[in-house]
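Spelled out, the chains give:
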Amino acid sequence: MASSTPDGFDVLVVGAGPAGMAAAVRAAECGICVGIVDDNAAVGGQIWRKSAEEDVTEDAKSWADCLKARQVTVLGGMHVFDQPEPGILLAESSDNRSVLHYEKLVLATGARERFLPFPGWTLPNVIGAGGLQAMVKCRLPIRGKRVVVAGTGPLLLAVAAYLKAHGAEILKICEQASWLTLLRFATSLLTQPAKIWQGIQLSQQLGGIPFLTSSWVAAAHGDKMLEAVTITSGSETETIDCDYLACGFHLVPNIELPILLGCEISDGFVQVNDLQETNVSGVFCAGEPTGIGGVELALVEGQIAGLAAASRIAEARHLFGKREGFRRFARSLQRAFRLRPELRMLAGPETIVCRCEDVMYAQLCPYTSWRSAKLQTRCGMGPCQGRVCGAATEFLFNWSLDSARPPVFPARVESLVAVRDIKQQDPQKIS
Amino acid sequence: MRNEIALKVNGTHIVVPPGATVAVAVALAGQVCRKSASGAPRGPLCGMGICFECRVAINGQPHCRSCQAFCEEGMDVRTNG
Ligand SMILES: Cc1cc2nc3c(=O)[nH]c(=O)nc-3n(C[C@H](O)[C@H](O)[C@H](O)COP(=O)(O)OP(=O)(O)OC[C@H]3O[C@@H](n4cnc5c(N)ncnc54)[C@H](O)[C@@H]3O)c2cc1C
Ligand code: FES
């Protein structure tokens, strides 16, 4: 493994999704030294994840071109796992480790899907909705496969349309929200013509696929692989044979790194001021970690954070009005796709909740906090470090997850030893 | 550009299109990625590097997330399924 390579940046951005790319580009416009680091090999984040077969959208391409034109240093395939002290982050790739020094930091770590446990959810081919889309973008053959799409959130429709366009047979889309809440949500979009247009396009692409509201997955069945799913509306149930179940319950923000850095969290989101700066001076946050709001909000927040990190406050202020419009959309999203209480009852006593350590629902019931459950059952102590079961137990048991310990990503032993060495060094000498 | 990549999954030769991840190669080979702590078969869940359910050994290096690793010519992939 290569040894640590030190890199210093005026502005460092963690996360190369729309928010991070916008932040890096705007910060780099005035000639300062900007770096952007992402766990994925390519820039683009979730929505602009590049597929081998198709070209990226115009928007994605123009931001990626700007990164190049502004000579932003792109560190792909590297995840940040610790901050030994303020101003220094440690990142690791499959064969390298980097010490990243920064003056100002922009956290644009995005979001992941929320998964909820139900009987059979650990069977192979039960996969996240965005997860299946990502696999298909990475050449998983989907033509002719029978797929049930279930869960909640606008992502379900986007994924169903994508899979259908690639030849999948979408048997059903099950949205847990009620028809009435969706109608209210749609009405709230009337002030956002772009969203309505996207909605109309989606409904045309999805024409003919049964779309059920107030319905959800009760169980997945199969021996070694998924063979069928049972869907329910509470009163009626139906079992459907299928090859894949694409199932996700909207998004949860990736706030482990912000928490580690001491950023204030409220209601599960990173708190920022007008300039997207957190309570930690010089540390900014943009995109999904400050509130799930989609690509437009991520782009405008990213730009504000990048401009502010480069001390271009007046230009950042020009974007405040635009941001407010998209924040309204974020708030209606939050209301519309709230999880119904019935979903708390899906897991049986023997349903696995923590997939890394195979901890069952009944084992967790005696505990009153995430911390005590972790210590006593090892729930959340596996390699995903609670990224999957933490968001589930937050909903199932109302446990709050407000602490993060390094490493925020599983790091190799050599890297952890390097952290210890750095922590023992005189800060002046770390270079 | 080459239009196929040849690699091995558990010793069996398999050919994938460029841009395929190791997770896709494992699926095409009809294998599952790993066995859980209690011995149940597991495959990818998040598809984006978060859940670690897709762990396999690549060229002898264990615990690689197969959804984040792209296939390369001559790769040796071992599942624990
Ligand atoms: C699986 C999935 C699929 C989605 N698909 C769509 C879609 O098709 N259409 C749509 O409108 N919206 C989609 N979304 C919603 C999407 O989150 C937003 O629209 C938009 O991508 C948000 O941009 P962002 O920059 O805030 O975050 P993201 O795009 O999520 O980017 C965050 C980036 O940060 C990186 N990162 C996080 N932590 C670290 C770390 N410690 N070290 C290094 N890198 C790190 C991640 O790898 C990621 O690339 C999807 C979301 C998910 C989770
Ligand atoms: S499928 Fe979740 S990490 Fe690979």
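Preceding this paragraph is the structure being described.
Please read these numbers as outputs of a predicted model, since none were measured by experiment.

Draft legend 1. Here's a closer look at the site of ligand 1. Lining the immediate surroundings of ligand 1 are 31 residues, of which Ala19, Asp38, Gln46, Val80 and Glu288 of chain A lie closest. Flanking ligand 1 are residues from chains A and B. The contact in question runs from an oxygen atom of ligand 1 to an N or O atom on the side chain of Asn40 of chain A, over 3.3 Å. Notes on ligand 1: free accessible area 980 Å², of which the protein chains cover 90%. Mapped onto the shell around ligand 1, the elements with two or more residues apiece are α1 (18–28), β4 (79–85), β7 (111–113), α3 (129–137) and α8 (294–309) of chain A. Classifying every residue of the shell around ligand 1 gives 15 nonpolar, 12 polar and 4 charged. Here the shell around ligand 1 spans two domains, since at least three of its residues come from each of domain 1 (7–111 + 252–335) and domain 2 (115–249) of chain A.

Draft legend 2. Here's a closer look at unusual backbone geometry. All names here are of chain A. Positive phi, normally seen in glycine, also occurs at Gln71, with a value near 55°. Mapped onto the elements, Gln71 comes out in the loop between α2 (58–69) and β3 (73–76). By relative accessible area, Gln71 is classed as exposed at 69%. The backbone of Gln276 shows a phi angle near 70°, a positive value even though the residue is not glycine. Inspection of the secondary structure assignment puts Gln276 in the loop between β18 (269–270) and β19 (283–285).

Draft legend 3. Structural context of empty space enclosed by the protein. Residue and element names in this part refer to chain A. Summed over all chains, the structure comprises 2 cavities of 30 Å³ or more. The computed volume of the largest cavity comes to approximately 50 Å³. When the residues that make up the lining of the largest cavity are grouped by side-chain class, the tally is 8 nonpolar, no polar and no charged. The calculated volume of the second largest cavity comes to roughly 40 Å³. For the second largest cavity, the full set of lining residues is Glu113, Ala129, Thr152, Leu155, Leu156, Gly248, Phe249, His250 and Leu251. Only α4 (155–165) and β15 (244–249) provide two or more residues apiece to the lining of the second largest cavity.

Draft legend 4. Quick look at the sheet that holds strand β5 (residues 55–58) of chain B. All names here are of chain B. Spatially, the 5 strands line up as an open sheet ordered β2-β1-β7-β5-β6, and their pairing is mixed. Looking at the sheet topology across the chains shown, the edges are occupied by β2 (12–16) and β6 (61–65). Within this sheet the neighbouring strands show an average axis-to-axis angle of 40°, counted without direction. With 3 bridges joining them, β5 and β6 adopt antiparallel strand pairing.

Draft legend 5. Summary view of the layout of surface pockets. All names here are of chain A. Considering only enclosed or pocket space, the second largest pocket measures out at about 1,400 Å³ in volume. In this structure, the second largest pocket is lined by 48 residues; those nearest its centre are Ile255, Ala391, Glu394, Ser400 and Leu401. Mapped onto the lining of the second largest pocket, the elements with two or more residues apiece are β16 (251–253), α7 (256–260), β17 (265–266), α12 (370–377) and α13 (389–397). At 4 residues, α12 tops the list of elements feeding residues into the lining of the second largest pocket. Its residues placed into classes, the lining of the second largest pocket shows 23 nonpolar, 12 polar and 13 charged. The residue makeup of the lining of the second largest pocket includes at least three contributed by each of domain 1 (7–111 + 252–335) and domain 3 (347–397).

Draft legend 6. Here's a closer look at the pairing of β4 of chain A. Residues and elements named next belong to chain A. Counted residue by residue, β4 has 6 buried out of 7 residues, so it is predominantly covered. Pairing of β4 with strand β5 (residues 88–92) involves 4 bridges; the strand directions are antiparallel. By the bridge assignment for β5, Glu85 is matched with Ile88. A loop of 2 residues connects β4 with β5, the two strands running antiparallel in sequence, and Gly87 in this loop sits at a positive phi of about 95°.

Draft legend 7. Looking closely at the side chain of His79 of chain A. Tracing the sequence through the fold places His79 of chain A in strand β4. Here Asp39 of chain A takes part through its side chain, which lies 3.2 Å from a polar atom of the side chain of His79 of chain A.

Draft legend 8. Fine view of the packing of aromatic side chains. All names here are of chain A. Under the counting rule described, the total for this entry stands at 4 aromatic pairs over all chains. With 6.1 Å between their ring centres and 35° between their planes, Phe185 and Phe329 make a pair best called tilted. Separated by 144 residues along the polypeptide, Phe185 in helix α5 (residues 179–188) and Phe329 in helix α10 (residues 320–336) bring together distant segments of the chain. Summarising the burial analysis for this pair, Phe185 and Phe329 share the class buried. Centroid distance Tyr361 to Phe397: 5.4 Å. Interplanar angle 20°. Geometry classified as stacked. Pair noted here: Tyr361 is in helix α11 (residues 361–364) and Phe397 is in helix α13, with a separation of 36 residues, a long-range link. Assessed through its relative accessible area of 18%, Tyr361 is described here as buried. Given a relative accessible area of 17%, Phe397 falls into the buried group. One aromatic cluster is present, formed by Phe185, Phe329 and Phe337 through successive ring pairs. The ring of Tyr162 is capped by Lys137, whose NZ or CZ atom sits 5.7 Å from the centre of that ring.

Thresholds, definitions, all that
- Residues numbered from 1 in each chain as written.
- Chains lettered and ligands numbered in written order.
- Predicted model: local features only at pLDDT ≥ 70, side-chain atom pairs only at ≥ 80, totals over all residues.
- Heavy atoms only, no water.
- Near = heavy atom within 4 Å.
- Polar contact = N/O pair within 3.5 Å; in protein donor to acceptor, adjacent residues only side chain to side chain.
- Areas by Shrake-Rupley, 256 points an atom, 1.4 Å probe, with all protein chains shown as cover.
- Helix = DSSP H or I, 4+ residues; strand = E, 2+ residues; numbered from the N terminus.
- Nonpolar A, V, L, I, M, F, W, Y, C, P; charged D, E, K, R; others polar.
- Domains from an automatic or database assignment.
- Buried < 20%, exposed > 50% of the residue type's maximum accessible area, 1.4 Å probe, protein only.
- 1 Å grid on protein atoms, 1.4 Å probe; cavity = no way out; pocket = protein on both sides within 12 Å on 5 of 7 lines; lining within 4 Å.
- Points joined across faces, edges and corners; volume = space filled by probe spheres on them.
- Pairing = 2+ DSSP bridges.
- Axes fitted to C-alpha atoms, helices over the stretch in contact; angles between N-to-C directions.
- Phe/Tyr/Trp six-rings, centres within 6.5 Å; stacked < 30°, edge-to-face > 60°.
- Lys NZ or Arg CZ within 6 Å of the ring centre and 35° of its normal.

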